[in-house]
Amino acid sequence: MRAAVIQFPGSNCDRDMAVAFDRASGDNNKAQMVWHKETGLPEGLDVIGIPGGFSFGDYLRCGAIAARSPIMRSVVEFANKGGFVIGICNGFQVLTESGLLPGVLMRNAQLKFICKDVELKVETTNSVYTTTQNKGDIVTYPVAHHEGNYTADAETLKLLHGDDRIAYTYVNNPNGATDDIAGILSDNRRVLGMMPHPERLNDPQLGGTDGSKLFESITAALVSA
Amino acid sequence: MKARVHVTLKNGVLDPQGAAVRHSLGALGFEGVERVRQGKIIEIELAETDADKAKAQIKDMCERLLANTVIEDYSVEIL
């Protein structure tokens, strides 16, 4: 599997994401790190990861500056051609700001930065990210964000629900997100944005391996495809 | 030419920061503060000297970067 991870000034868990891709794929194709000033992507990519963090210091709005960086034009093009893109935390914010996913991540309802493990419910198995999981499965992923309060207009929410595009919901909503939404899919189901960090829970020595399920699911779907 | 852009949350979008400021004003003894909405001011200096052209240019900037029109409104003032 050929994966790339985009790096912005202020990204974090970018290397964790690369390790997660590498462990899941188990082959010799290491995930490639791509700096935001690049204008082109490596050839033959299967999946692109947009990591968490505080790109460009969260200036203006979270993800706003990163979404307009040179590499994102290529990422949007890749996604529009049917490429797989996963954005985690700040990556989710970048995806909404770039227009690849609808809605917006607002300041947490309690105005506090939240850093803890949360339980998530798998809401759909109809995506490469969740094929190896069952609908209703509970997984534990860490969250670490100040702006994770997902909001969208009523029409968008109806679409997300109606088209089975909500990937994960919070069991106990930590941030006020509408309808407990923790992660959503694009209309072609190939772009996933989620606030929780599966790549942070990908090693028994770091507290658990729940997060590896998501990366193994991507590998299983893309390598057998 | 100088311009000032005001970016505010749309009506109907919950503004938790505004709500927190309102509570704090109440705690300081300011009575009757019914609503607070927090926004941003962005000041821009442009080489453009034609006010209409400058305004059009800044509106384009607002649509493409300065505001997230999903949740924010903006207004442009040429100074």
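In case you missed it, the structure is sitting above this.
Residues numbered from 1 in each chain as written. Chains lettered and ligands numbered in written order. Predicted model: local features only at pLDDT ≥ 70, side-chain atom pairs only at ≥ 80, totals over all residues. Heavy atoms only, no water.

If you tally the helices and strands in chain A, you get six helices and 13 strands. A compact globule built from 225 residues should have a C-alpha radius of gyration of about 17 Å, and chain A, at 16 Å, falls within 12% of that. If one aligns the C-alpha atoms of chain A with their principal axes, the spans along those axes are about 40 × 35 × 35 Å. A total of 225 residues make up chain A; the buried ones form 58% of that total. (Helix = DSSP H or I, 4+ residues; strand = E, 2+ residues; numbered from the N terminus. Rg over C-alpha atoms; globule rule 2.2 N^0.38 Å. Buried < 20%, exposed > 50% of the residue type's maximum accessible area, 1.4 Å probe, protein only.)

Moving on, we come to the interface of chain A and chain B. Taken together, the contacts link 12 residues of chain A with 16 residues of chain B. Taking both sides of the interface into account, the surface hidden between chain A and chain B amounts to around 1100 Å²; carbon and sulfur atoms contribute 67%. Of all residues in chain A, the largest losses of buried area upon contact with chain B belong to A:Leu60, A:Arg61 and A:Met106, amounting jointly to 44% of the total for that side. The tally of links from chain A across to chain B stands at one salt bridge. (Contact = heavy atoms within 4.5 Å. Buried area = accessible area lost by both parts, 1.4 Å probe. Salt bridge = Lys/Arg side-chain N within 4 Å of Asp/Glu carboxyl O.)

Okay, the nonpolar core next. Counting residues in hydrophobic clusters, the biggest one holds 68 residues, and the most contacted among them are A:Phe21, A:Ile50, A:Tyr150, A:Tyr168 and A:Leu214. Of all hydrophobic cores here, the second largest spans 12 residues; its members include B:Ala3, B:Val7, B:Ile58 and B:Ala67. (Core = buried A, V, L, I, M, F, W, Y, C linked by side-chain atoms within 4.5 Å.)

All names here are of chain A. Enumeration according to the criterion identifies 11 salt bridges over all chains in this entry. Two residues, glutamate 97 and arginine 61, come together in a salt bridge whose shortest N-O distance is 2.7 Å. Placement of the pair is glutamate 97 in helix α4 (residues 90-97) and arginine 61 in the loop between β5 (52-53) and α2 (64-67), with a sequence separation of 36 residues. Judged by relative accessible area, which is 9%, arginine 61 ranks as buried. Across the pair glutamate 97 and arginine 68 runs a salt bridge, and its minimum N-O distance is 2.8 Å. Of this pair, glutamate 97 sits in helix α4 while arginine 68 is found in the loop between α2 and α3 (70-80), placing the two residues 29 residues apart along the sequence. The class for glutamate 97 is buried, based on a relative accessible area of 11%. Judged by its relative accessible area of 31%, arginine 68 is partly exposed.

This part covers unusual backbone geometry. All names here are of chain A. Of note in this structure, leucine 60 is not a glycine but carries a positive phi near 65°. If you trace the backbone, leucine 60 turns up in the loop between β5 and α2. For aspartate 164, which is not glycine, the phi dihedral falls at a positive 60°. Among the secondary structure elements, aspartate 164 is positioned in the loop between α5 (154-162) and β11 (166-170). For aspartate 164, a relative accessible area of 29% puts it in the partly exposed group.

Residue and element names in this part refer to chain A. The topology assignment puts threonine 169 in strand β11. At 2.6 Å, the side chain of threonine 169 forms a polar contact with the side chain of glutamate 123. Residues contacting threonine 169, with those up to four places away along its chain left out, are Glu119, Leu120, Lys121, Glu123, Asp179, Asp180, Ile181 and Ala182. (Polar contact = N/O pair within 3.5 Å; in protein donor to acceptor, adjacent residues only side chain to side chain.)

Let us now look at the sheet that holds strand β2 (residues 39-45) of chain B. All names here are of chain B. Strands sit in the order β2-β1-β3 across an open sheet of three strands; the sheet is antiparallel. The open sheet terminates on both sides in strands that have one partner only, identified here as β2 and β3 (72-78). Mean inter-strand twist for the sheet, computed between neighbouring axes without regard to direction, equals 20°. For strand β1 (residues 2-9) and β2, the ladder comprises seven bridges, and the chain directions are antiparallel. The partner of valine 5 across the bridge, within β2, is isoleucine 42. (Pairing = 2+ DSSP bridges. Axes fitted to C-alpha atoms, helices over the stretch in contact; angles between N-to-C directions.)

Okay, the pairing of β1(B) next. Residue and element names in this part refer to chain B. Going residue by residue along β1, you find Ala3, Val5, Val7 and Leu9 tucked away on one face and Lys2, Arg4, His6 and Thr8 left uncovered on the opposite face. Two elements, β1 and β3, share seven bridges in a ladder whose sense is antiparallel. Bridging across to β3, valine 7 finds its partner in tyrosine 74.

Residue and element names in this part refer to chain A. Inspection of the entire model under this criterion finds zero disulfides over all chains. Looking at cysteine 13, it has no disulfide partner, and the nearest cysteine sulfur is the one in cysteine 89, 8.3 Å off. Residue classification places cysteine 13 among the buried positions, given a relative accessible area of 12%. (Disulfide = S-S within 2.5 Å.)

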